[in-house]
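Chain residues, written in single-letter form:
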Amino acid sequence: MEIRGVQIDDTFAEAFGMRGVRIIITAKNQKWARESASKLTGFATSVIACKCEAAIERELPPSETPDGRPGISVLLFTMDSDSLPKRVIERIGQTVLTCPTTACFDGLPDFPDRIAIGKPLRTFGDGFQGSKMIDGQRYWRLPVMEGEFLIQETFGKAKGVGGGNFLILAESADAALDAAEAAVDAMAGMPGVILPFPGGIVRSGSKVGAKRYKTMIASTNDAFAPTLRAITKTEVPDGVNSVLEIVLDGLDFRSIARAMQAGIDAACRAGVHSITAGNYGGKLGPFHFHLRKIMSGDVEDATKVDAPK
Amino acid sequence: MSDRITLTLRAPLTHPLDADAIAPDRLAALDAHEISTLRLWDGRNAVALGDVFTVIGDRSSNVQLEGDLARLHGVGTLMSAGTLEISGSIGHSLGVRMRGGAISVSGSAGDDAGAAMAGGSIAVAGNAGDRAGGALQGASKGMTGGEIVVRGGVGREAGARMRRGILYCASSGVGTGIGMIAGNIIVSGAIGDSVGAGNKRGTIVALGPVRVPRAYAYACTYRPPHLSLMLLSLRARFGLPVDDAHVHGLFKRYSGDLAEIGKGEILEWQATH
């Protein structure tokens, strides 16, 4: 398969089940909502070292937020249910509670699995906190020096998908970056998906473990490192001098597949040789994103293994 | 089974009738004959519902009441589900101790509307009498959940000893929120004297003029974040004409009643020019 002269490899991205929340941060204006969201999602690129993966999903106009103010929605994922509340509580406690004018709401109100977030955070109020029940949901009011911080007591927990990906193999580093940026722009704001790496782009894709250092849980993906092309079992084709990766986490298979479809299509441009994807032979991750199927318009989950409902 | 049950008064009531049998969740299990044989009470004397109302429809949890019902009391008592539409005005004790469902009144309601209710909603297009959302005689708690929205005014002691829930009205009489344990009272117009006396943790929102009692102390002027949520919810769910200036406005916060634990509050809206 080729799109505008760019080859789409007959392979698939292999992804894993994750657990996630959608956090809605509102503030006096978009600037302060973004300030808070940027801090919340900082150092959250990969569970390998950050313990969670998080990024801004999209900006929300006042008409889409619970309190009628400008907002930002953030998705945050962890590998297991147990660590999810801990990660969310520590990040909201340090980056939303502390940020002027913000309030914090659950963005998955219809999800029946709930985790307590505002409830443990309420103790910051040192007994001066109060709660309000509005539309069947409890909200905590924490008195702070600025005034009052409002946070919802519980957040919905989703069975998400982490590690959707595709690799852009290009003739030059500039061409790879241009294509990756175009892909990120095309995926920006698509619901249910985040790109947790800087600017949505990864230059240091990794393989599991290491050949030399046994304690490393991940190390450079030498098969796709152009500088190692002559001395390793390479997957870098002739004429390719740079490879960039896009990693996607999402609330469900279809959200990621649709985003990959838009991103890959945008990445197929001059200077790009081919698009491929990272996998482990299909033995580790239950979610398989077949590039050619996706680019043919099939965005349904065909693996049906532990698919989130 | 029909879409709704319509009960139409056969003739104007000359005596007060206790009609706590009329609640949608109870009528939902009955056929028209069974509904007609439900008992209403004229003092100590039982009266068949079918002698007072014509009954159209059966086995539905959507009930409509029609006629001059100002002498019909206790409708919707202990109601837990369904909808009850009342065309015109209704007597006292509407929705007392109700736990769920929705009551709407196109006219006014008498005293004790929603007294001790625990859930559901009551929307009154006109006025309501004394103790709306308050406590029953001798009871320690008023409403413990749900919402009461009165587009007109309410009488004395609205929300008395309220524990949880929201009471919204256009104006309120003396003793609004007296003995409040918690919960929320929002008054878009004038509030009577002695507001919030004995309030423990309740919130009284004054969008209009209010005389804050001496037992309350001024804390600050700020934007209460929960209030925008609450007002937007009321606007969306009940179609109330909530002003954006109230949703995003500044309020003076008074803490009280300081003779109690002082965790209650009166939030007085500040017009900005």
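Just so you know, these numbers come straight off a predicted model, no measurement behind them.

Peer 1: An account of the overall build of chain B is requested, with residue identities and associated values reported.
Peer 2: From N to C terminus, chain B includes 5 helices and 17 strands. At 19 Å, chain B has a C-alpha radius of gyration in line with the 19 Å of a compact globule built from 273 residues. The dimensions of chain B, computed from C-alpha atoms along their principal axes, are 60 × 35 × 25 Å. Counting across all 273 residues of chain B, residues that qualify as buried make up 52%. For chain B, the proportion of contacts with a sequence separation of at least 24, taken over those separated by at least 6, is 42%.

Peer 1: So what's going on with the overall build of chain A? Residues and values would help.
Peer 2: Looking only at helices and strands, one finds 7 helices and 18 strands in chain A. Taken against the 2.2 N^0.38 rule, which gives 19 Å for 309 residues, the C-alpha radius of gyration of chain A at 21 Å falls within 12% of a compact globule. Per-residue burial over chain A gives 45% buried out of 309 residues. Across chain A, the fraction of contacts at a sequence separation of at least 24, relative to all contacts at a separation of at least 6, is 73%.

Peer 1: Can you lay out the domain arrangement of chain A for me, pointing to particular residues and giving the numbers?
Peer 2: All names here are of chain A. Taken domain by domain, chain A comprises domain 1 (2-15 + 161-295) and domain 2 (19-158). Between the C-alpha centres of domain 1 and domain 2 there is a distance of 30 Å. The interface is formed by 10 residues belonging to domain 1 together with 13 residues belonging to domain 2.

Peer 1: Mind laying out the packing of helix α1 (residues 30-40) of chain A against helix α3 (residues 83-95) of chain A, listing which residues take part and the relevant values?
Peer 2: Residues and elements named next belong to chain A. Between α1 and α3, the least distance of the axes is 9 Å, while the angle of their chain directions is 140 degrees. As the angle between them shows, α1 and α3 are arranged oblique. Relative to α3, α1 is oriented so that their crossing is right-handed. Two secondary-structure elements touch here, α1 through Ser36, Lys39 and Leu40 and α3 through Arg91, Ile92 and Thr95.

Peer 1: Can you lay out the environment of Ser89(B) for me, pointing to particular residues and giving the numbers?
Peer 2: All names here are of chain B. As for its position among the elements, Ser89 is in the loop between β8 (83-87) and β9 (102-105). For Ser89, a count of 20 C-beta atoms within 10 Å puts it in the buried group. Spatially, the C-alpha atoms of Ser89 and Gly67 are 8.5 Å apart, while their sequence positions differ by 22 residues. Ser89 has contacts with Leu69, Ala70, Gly107, Ser108 and Gly126, leaving out every residue within four places of it along the chain.

Peer 1: Tell me about the nonpolar core, and name the residues and values.
Peer 2: Residue and element names in this part refer to chain A. Counting 162 residues, the largest nonpolar core has Ile25, Val74, Ile168 and Phe289 as the members making the most contacts within it. Counting residues per element, this core draws most heavily on strand β3 (residues 12-26), at 8 residues. If sequence neighbours within four positions are ignored, Ile25 has contacts with Ala33, Ser36, Ala37, Gly71, Ile72, Val74, Val96, Thr102 and Cys104.

Peer 1: How would you summarise helix α4 (residues 225-238) of chain B if you had to cite specific residues and measurements?
Peer 2: All names here are of chain B. Taking 1.5 Å as the rise per residue, α4 with 14 residues should run 20 Å; its terminal C-alpha atoms sit 20 Å apart, in good agreement. Within α4, burial applies to Pro225, His226, Leu227, Ser228, Leu229, Met230 and Leu231. In the segment just after α4, Gly239 is the residue with positive phi, at about 65 degrees.

Peer 1: Outline the domain arrangement of chain B, supporting the account with residue identities and numerical values.
Peer 2: Residue and element names in this part refer to chain B. Examined at the domain level, chain B breaks down into domain 1 (1-77) and domain 2 (92-270). Put simply, the middle of domain 1 and the middle of domain 2, counted by C-alpha atoms, are 30 Å apart. With 7 residues of domain 1 at the contact, the number on the domain 2 side is 9 residues. Here the residues of the side of domain 1 that touches domain 2 are counted per class, giving 2 nonpolar, 4 polar and 1 charged.

Peer 1: Which residues make up the interface of chain A and chain B, and what values go with them?
Peer 2: Across the contact, 14 residues belong to chain A and 14 residues belong to chain B. Those elements giving two or more residues to the side of chain A that touches chain B turn out to be β8 (130-134), β9 (137-143) and β10 (148-152) of chain A. By residue number, the principal contributor to the side of chain A that touches chain B is β8(A), which donates 4 residues. In the side of chain A that touches chain B, the residues fall into 6 nonpolar, 3 polar and 5 charged.

Peer 1: I'd love a proper account of unusual backbone geometry, names of residues and values included.
Peer 2: With an omega of -5 degrees, the peptide bond running from Gly256(B) to Asp257(B) counts as cis. Relative to the helices and strands, Asp257(B) is located in the loop between β16 (250-256) and β17 (264-270). In this structure, Lys51(A) is a non-glycine residue whose phi angle is positive, near 70 degrees. Examined against the element boundaries, Lys51(A) turns out to sit in the loop between α2 (47-50) and β4 (53-60). Phi at Ala116(B) takes a positive value of approximately 60 degrees, unusual for a residue other than glycine. Tracing the chain through its elements places Ala116(B) in the loop between β9 and β10 (121-124).

Peer 1: Please set out the pairing of β8(A) residue by residue, giving values where relevant.
Peer 2: All names here are of chain A. Here 5 bridges tie β8 to β9, and the two strands are oriented antiparallel to one another. Opposite Gly130, over in β9, you have Arg141 as the bridge partner. The antiparallel pairing of β8 with β9 creates a hairpin that spans 2 residues between the two strands, and Asp135 there sits at a positive phi of about 55 degrees.

Peer 1: How would you explain the confidence of the model for chain A if you had to name every residue and give the values?
Peer 2: Counting all residues, the mean pLDDT for chain A is 95, and 97% of those residues have values of 70 or more. The low-confidence segment residues 304-309 of chain A, where pLDDT is below 50, has 10 contacts with residues more than four positions distant or belonging to other chains.

Procedures and definitions
- Residues numbered from 1 in each chain as written.
- Chains lettered and ligands numbered in written order.
- Predicted model: local features only at pLDDT ≥ 70, side-chain atom pairs only at ≥ 80, totals over all residues.
- Helix = DSSP H or I, 4+ residues; strand = E, 2+ residues; numbered from the N terminus.
- Rg over C-alpha atoms; globule rule 2.2 N^0.38 Å.
- Buried ≥ 20, exposed ≤ 12 C-beta atoms within 10 Å, placed from the backbone.
- Contact = placed C-beta atoms within 7 Å.
- Domains from an automatic or database assignment.
- Axes fitted to C-alpha atoms, helices over the stretch in contact; angles between N-to-C directions.
- Parallel < 35°, antiparallel > 145°, perpendicular 65-115°, else oblique.
- Left-handed = near helix turned anticlockwise from the far one by under 90°.
- Core = buried A, V, L, I, M, F, W, Y, C linked by C-beta atoms within 7 Å.
- Expected span 1.5 Å × (residues − 1).
- Nonpolar A, V, L, I, M, F, W, Y, C, P; charged D, E, K, R; others polar.
- Pairing = 2+ DSSP bridges.
- pLDDT = per-residue confidence, 0-100.

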